[in-house]
Each structure stands twice: as C-alpha cells, then as structure tokens.
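Fold and geometry: a report
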Amino acid sequence: MKSLQVAQAPDPENQSERTDQVSDKSIVIPNKHVTIADSIKSESSRFVAPRIPTDYSIEVQETTYNVHKYPLISKCGYIGRLEAQPRNSNSGNTLKLESFPGGSETFETILKFCYGLPIDFNSDNVAALRCASEFLEMTEELEDGNLISKTEAFLTFVVLSSWKDTVTVLKSCENLSPWAENIQIVRRCCDSLAWKASKNEPTDEDAASSQDSWWFDDMANLRIDHFMRIISAIRAKGIKSETIGKCIMQYAKRWLPGMHEELEGVKGYGYGKSNLQFTLFSTTKQESTRHSKEQTTIIESLISIIPPQQEAVPCKFLLQMLKMAMMYSVSPALISDLEKRVGMVLEDAEVNDLLIPRYQYGDQGIMVNTSNSPEECTMHDIDVVQRIVEYFLMHEKQHMQQQQKSGKFNISRLLDNYLAEVATDPNLSITKFHVLAELLPEHTRSFDDGLYRAIDTYLKTHPSLTDHDRRRLCKIMNSEKLSLDACLHAAQNDRLPLRTVVQVLFAEQVKMRAAMQEKEPAQSGINSEHEVNQISATIDIKTLKAELENVKSKMVELQNDYFDLQEEYKKLSNKEKPKNSLSLGLNWRKIKNSFHVKPAGGETRDGQDTPASPNRSRRRSAPRRRVSTS
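Residues numbered from 1 in each chain as written. Predicted model: local features only at pLDDT ≥ 70, side-chain atom pairs only at ≥ 80, totals over all residues. Heavy atoms only, no water.

**Brief notes about the overall build of the chain**
When helices and strands are counted, the chain shows 26 helices and 13 strands. Each of the 630 residues in the chain was classed as buried or not, and the buried ones make up 41%. Partitioning the contacts of the chain with sequence separation of at least 6, the portion at a separation of at least 24 is 73%. Working note: accessible area of the chain is about 36,000 Å², and carbon and sulfur atoms make up 51% of it. (Helix = DSSP H or I, 4+ residues; strand = E, 2+ residues; numbered from the N terminus. Buried < 20%, exposed > 50% of the residue type's maximum accessible area, 1.4 Å probe, protein only. Contact = heavy atoms within 4.5 Å. Areas by Shrake-Rupley, 256 points an atom, 1.4 Å probe, with all protein chains shown as cover.)

**Topic: the nonpolar core**
Nonpolar side chains in soluble globular proteins tend to be buried together. Ranked by size, the top nonpolar core spans 140 residues in total, and within it I58, F227, L302 and L346 carry the most contacts. Take this core: its biggest share by element is 10 residues, from helix 15 (residues 315-327). In this view, L302 contacts I224, F227, I248, Y251, A252, L256 and M321; residues no more than four positions away in its chain are not counted. (Core = buried A, V, L, I, M, F, W, Y, C linked by side-chain atoms within 4.5 Å.)

**What to know about helix 9 (residues 185-199)**
For an α-helix, the turn length of 3.6 residues means that residues three or four places apart are oriented alike. Between its terminal C-alpha atoms helix 9 stretches 21 Å, which fits the 21 Å expected from 15 residues at 1.5 Å a residue. Among the residues making up helix 9, those that are buried are I185, V186, R188, C189, C190, S192, L193, A194, K196, A197 and S198. Residues of helix 9 that are buried sit in contact with helix 5 (126-135), helix 6 (147-159), helix 7 (163-172), helix 8 (179-182), helix 11 (216-220) and helix 12 (224-236). (Expected span 1.5 Å × (residues − 1).)

**Side note on the packing of helix 4 (residues 103-114) against helix 5**
Relative to each other, helix 4 and helix 5 sit at 70°, their axes nearing to 10 Å. Relative to helix 5, the element helix 4 lies roughly perpendicular. Across the interface between the two elements, T106, T109 and I110 from helix 4 touch A128, L129, A132 and S133 from helix 5. Of the residues in the contact of helix 4 with helix 5, the class split is four nonpolar, three polar and no charged. (Axes fitted to C-alpha atoms, helices over the stretch in contact; angles between N-to-C directions. Parallel < 35°, antiparallel > 145°, perpendicular 65-115°, else oblique. Nonpolar A, V, L, I, M, F, W, Y, C, P; charged D, E, K, R; others polar.)

**Here we look at a negative patch on the surface**
On the surface, E557, D561, D564, E567 and E568 cluster together into a patch of negative charge. Secondary-structure assignment places E567 in helix 24 (residues 498-575). (Patch = residues over 30% accessible without salt bridge, like charges linked within 9 Å, V, L, I, M, F, W, Y side chains within 5 Å. Salt bridge = Lys/Arg side-chain N within 4 Å of Asp/Glu carboxyl O. Lys, Arg positive; Asp, Glu negative; His and termini not counted. Charge placed at Lys NZ, Arg CZ, Asp CG, Glu CD.)

**Looking at the pairing of strand 6 (residues 56-60)**
Looking down a regular strand, the side chains alternate between one sheet face and the other. Of all five residues making up strand 6, five are buried, and the element is well covered by its neighbours. The alternating pattern of strand 6 places Y56, I58 and V60 and S57 and E59 on opposite faces, both of which are buried. Both strand 6 and strand 7 (residues 63-67) contribute to a ladder of five bridges, which runs antiparallel. In the sheet register, I58 faces strand 7, and the bridge partner there is Y65. (Pairing = 2+ DSSP bridges.)

**Quick word on the pattern of salt bridges**
Enumeration according to the criterion identifies 17 salt bridges in this entry. K96 is paired through a salt bridge with E98; the nearest N and O atoms lie 3.4 Å apart. Of the charged contacts in the structure, one is a salt bridge between D381 and R358, with a shortest N-O distance of 3.9 Å. With D381 in the loop between strand 13 (366-367) and helix 18 (382-398) and R358 in the loop between helix 17 (351-354) and strand 12 (360-361), this pair connects stretches of sequence that are 23 residues apart. With respect to burial, D381 and R358 carry one shared label: buried. Each of R130, E134, E152 and R188 takes part in a single network of salt bridges with overlapping partners.

**A word on unusual backbone geometry**
The linkage connecting S177 with the following residue, P178, adopts the cis geometry, with an omega of 0°. With respect to the helices and strands, P178 occurs in the loop between helix 7 and helix 8. A positive phi angle, close to 55°, is found at S99, a residue other than glycine. Among the structural elements, S99 can be located in the loop between strand 8 (94-97) and helix 4.

**Considerations on the packing of aromatic side chains**
The tally for this structure, following the rule as stated, stands at 12 aromatic pairs. Its guanidinium or amino end placed over the ring of F113, K75 lies 4.6 Å from that ring's centre, counting from NZ or CZ. The side chain of R254 reaches across the aromatic face of W255, ending 4.4 Å from its centre. (Phe/Tyr/Trp six-rings, centres within 6.5 Å; stacked < 30°, edge-to-face > 60°. Lys NZ or Arg CZ within 6 Å of the ring centre and 35° of its normal.)

**A look at the pairing of strand 7**
By the criterion of burial, strand 7 is predominantly enclosed, with five of the five residues buried. Burial along strand 7 is two-sided: the face carrying T63, Y65 and V67 and the face carrying T64 and N66 are both buried. Counted between consecutive antiparallel strands, the loop separating strand 6 from strand 7 contains two residues, among which Q61 sits at a positive phi close to 55°.

**Description of the packing of helix 18 against helix 20 (residues 430-437)**
Closest axis-to-axis distance for the helix 18/helix 20 pair is 10 Å, and the angle between their directions is 20°. Judged by the inter-axis angle, helix 18 sits roughly parallel to helix 20. Handedness of the crossing formed by helix 18 with helix 20: left-handed. For the pair formed by helix 18 and helix 20, the contact residues are I382, D383 and Q386 on the first element and K432, V435 and L436 on the second. For the contact of helix 18 with helix 20, the class distribution of residues is three nonpolar, one polar and two charged. (Left-handed = near helix turned anticlockwise from the far one by under 90°.)

**Topic: helix 21 (residues 449-461)**
Its 13 residues place the ends of helix 21 18 Å apart at the C-alpha level, agreeing with the 18 Å of an ideal helix rising 1.5 Å per residue. Those residues of helix 21 lying buried are L451, Y452, A454, I455, D456, T457, Y458 and L459.

**Here we look at the environment of A197**
With respect to the helices, strands and loops of the structure, A197 is situated in helix 9. Given the relative accessible area of 2%, A197 is considered buried. Once the C-alpha coordinates of A197 and K237 are considered, the two residues, 40 residues apart in sequence, prove to be 9.7 Å apart.

**What to know about the environment of P307**
With respect to the helices and strands, the residue P307 is situated in the loop between helix 14 (289-305) and helix 15. Sequence separation between P307 and G245 is 62 residues, and the spatial gap between their C-alpha atoms is 7.0 Å. Those residues within four positions of P307 in sequence are excluded, and the remaining contacts are R235, S241, I244, I248, A312 and R341.

**As for the confidence of the model for the chain**
For residues with low pLDDT, the predicted coordinates do not support detailed interpretation. For the chain, mean pLDDT is 75; residues scoring 70 or higher make up 68% of the total. Residue range residues 362-372 is modelled with pLDDT below 50. Its contacts to residues more than four positions away, or to other chains, number 36 contacts. In the predicted structure, residues 597-630 sits below a pLDDT of 50 and forms 35 contacts with residues beyond four places in sequence or in another chain. (pLDDT = per-residue confidence, 0-100.)

**Re the environment of C189**
Mapped onto the elements, C189 comes out in helix 9. We classify C189 as buried; its relative accessible area is 1%. Counting along the chain gives 22 residues from C189 to V167, while the straight-line C-alpha distance between them is 7.5 Å. For C189, the contacting residues outside a window of four places in its chain are L160, T166, V169 and L170.

See below:
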C-alpha cells in the first residue's frame, strides 16, 4: 500500500489573488504562495513534508493519500456530502474511492488543483480529468472556475478544433467507460471527427484516390464501438459508400490480420480409420477465449456497418469476411447476409476466393469437421458456394433486364473452374458435384469445355466410380458445345463412358456436315443474287429501249407533218401576194410552236423563219435517227 502526504502553507492575504491562465494547449493554475517539498522515504510510500498535519486519508486503487480535509471539501461536492453523512466509527477519516476514473495518476493531478498548484491540460489527460471532476462533483456552485468548467472549456475550444487532439482524447476514453459516455465526450469527439472527414472529402475522382485515405489510419486505431459510431455519423453526412468501404477495409486489415493471409486450402491429407482429418492452426497457435470473443465482436460489427451499395466493397473483401465469419462462428444471420451480398456481385469473384475451408473449433485451433460422413469431410464448404450461386440466380431473375450477358458468361466460367478445383477432393460426393454443376441454366454456358475439364478431373480423382455414375456425371455436359480440341481429347479419353465418346464423335460429325452444308447454300445464294441483279438490269434496258422507240416514232410523225407544211407553204407563197406573207408567217409560227419542233433553218433579221429545203432536212434527220437507234 502506497502512502502520500500532502500539506499546504496557506497565505490568507494573497490566496484570493490567484489568477488562472489559459495557454494554447494547456490551462495553468499558478499559486506562488504554495510551498511543498517532495521527498521519498521508501519504495512503498511517498511523502510530501507537511507544515500542517494532515487530517484525512483517501485511498485510490492501491495508493493512500494523507491530505487536508478543507481544500478537498471546498471544491469537491462528493467528499463534502460524505462528510455530512454519519460515518462508521471503524472507518474514521479514511475514504476509499472505488472505480475512480483515471486512477491514482488523475487523482494526484486533482489534488494539485485543490491545493492551488499549477496543472497542465492536454489531450492525453483532459478526458480523465473531466470524468474525475464529474465523479467528485467539482461544480461552479462550490467555487468559480472549478475543474468541470475548466476541462469543458479546454475540450470545446482546444481539443475539438484539432483532428489529432480529438483522436487522442477519443482514444483515451476507451479506459474511462461509462463516465466518458455519460458526459458526452465520446459523442462530441465522434461527431467532430465525422464532420472533419466529410468536410475534407475530395470531390474530384482522381484526387479521391490519393486524398481520401488520410484519416483511415487514425480511424483504424480506435476501438470498434467508437469506430462504428464515427462510421454511422459519416454515413449520415452523405459521404460516398466507396469511401466508407475503404475505411472499413483498412480497419479490418488492422484488427483482423489473418483475413488477408491466403488459406491454401488443405496442407495435406491424413487418413484415419473412417474419416479424413485436417487441422488449420491460427497464427498464434492457441487463441485465448478473450481474444476470440474480441475478434468475433469486430467481425460482427464490421459486417453490420458495410454499406448496402454493391460498389461499396469488392467481392474479394466480402468473401474474406465470410471466411473469417465462419472461422469464428459469428451469428448465422450475418453469415446469410454476407452470402447474399456475395451473390449480388459474384461475377467479380475469383476461384481462390471461393475456396472456403470447412471450419470447426477445436482445442488447439480451428479444425475441419471430422464427422464419419464423407459429405461432411470435404476440404471445402460446398454448401456455402451452392447458396451463393442460388442467391446470384435469384438476383439475376429479379434484375433480368439489367443483367449483362458477360456477367452470365463470367459466372459459368467461374463455376466451372471452381468445380475443377474441388473435384480433386476424394471425399466430394458425386451428388454434391452433380447438384453444383447443374445450378446454372444451360443457356448460360457458351461452351462446355470448362465443365468437361471439371468432370474429367473428378473422374480422375475418383477411379472407383461405377459405369452408372460415370454416365450420370457425363450427362451434365452438352457434347454439341465442346470445341474441336475438347472433342479430340474426349475421343481418346479412357475415363469417359463409351456412350459419351460416341455422342462426342457423332456431335462433331454433325457439326462438320452442317458447316459444309452452310457453305453451299451460301454460294448458291450469292449466285442467285447475281442472277437477280442481271435480270433486273436486262428489264431496265428493255424498258429504256421501248421508250426510245416510242420517242423515235413520234419524232418521225412530227417530221412528216413538218415537211407537208413546208410544201403547202411554198405553194401558197407562189400564188398569194406579198402582203399576205406576214399573216402566213405568223400562222406558221403558231403551228411550229404547237409541235415543239426546232427550226432547221436560221432566222432572218426581222425575226421571220427561213424554211429549209426538204432534202436538207432529211439529211439532218438521218444522223439523229442513227444516234437514237444506237
């Protein structure tokens, strides 16, 4: 038991002249009239040489403080109330403070404050001093500028304005429960951190990749309950789900170190009398129950605060969390929720992420189930993957219009590769393999080469299968969807049933015949198209020729009429007088315009037409007839 004696030499004249000074990061309360000499008497006790004998003893944790009653009663309402109550005669002037916030170190600082010594406030001790002052009821009713008001002022105006100081205070509150919660220190710190994080969130996507993680490391050092409160406050302020997801991933990396270690599945096979046993030891060989509970609490908390948006966290992280959740046997409801989340983004998964070992707790680590049933002795948990694929198909059915074909193709390829990996397990039953292979509809697979590889691997690992089981297994794949290389391999595969080999050869022959037949119709189609084009061109030429002949015949008729009119004009011009020539010329012009015939001759100076001779007209029309005919 440690003992500390404190004494003060009061100066009544100058005691009222004490002043309080507030610095940037600390509040100092000087008192020049206090004279205290420290001296160490032994290893187990500490003394402050008193000028006035002490009359009160206070025990905090394992330390006993011999102090004066009046300085404490004047500032601590809790001690004053205890003094006013009837005391037990056996206790005397000794007071034991149970569950004192901050422990003996904080109480010593409060003693300095009560005796008027200067104390420094900083982000490391202000939370403990605030809780301790609340415990001792150091309010303004007892004295102006008491410790509650001073610590509150420091928290409000100094700590909460700084990110670093706020994180430090929140970290110190982890050992001050429930006082830090009751007086709202934790809430105010979490709200301040959330506001600062949301205010400084970059809006540019390029800048976000480099700047949005500046506060992740500080958040990862906090306790899980404080971290959850900050994430909830950040989400309420509208920060992007991707940013929240990255912060959660950083926290998981800090507190779940085994999550990012790739489990290589089975390290080896151990054949017992009737079962297969395999043990996975944790990184610490033996985990304590307390550590296991802490890990379980962290996993459950992180799962519950993952944003619902699909883009918040990648599929790989969800599957890693699923493995950890199964390893530590968290709530089945949370495991089911994770499986649904993985099913929504399954097209982004990889085969290694889906290789989830079958866990069971043991005395020295985490053990695979050692049941006598072969289906319960598989290296990997096939049932989990089956449920995930079923959730994916359910989600695809609900969003059929938005689902992309590439996603279906990725799922079929992913499942086929997964089947090829788990097919190497000698304890994998043909029923489980068959059910998992038939989960996807047939139209989701463009080719069955991956499925054929998985079936061939299973047949190679299980050579003792009966012919009935082999035929049952090979019925899953469609021989018509095998590529040429797969068909050549299947034709020479002794592990396949004879009926399957025949079907593969027949399907390949049908495809070759269909390919040859497709070429002939294509060639005939090209020829027929060419013939159609030729016929169309011939019809157009005949039509043009017919129209041209019609124009020729009309032209000949007009020319004959023209010649007749010319002959008649000559006869009339010889008989009539010259005065009538003008009227005849006008009449002739009207007739000529009605026939739209260009005059063969030139025009006179006064605008009258000069008719050409018939012989000349015939000579000019002949070439035009030859050009039209050609």
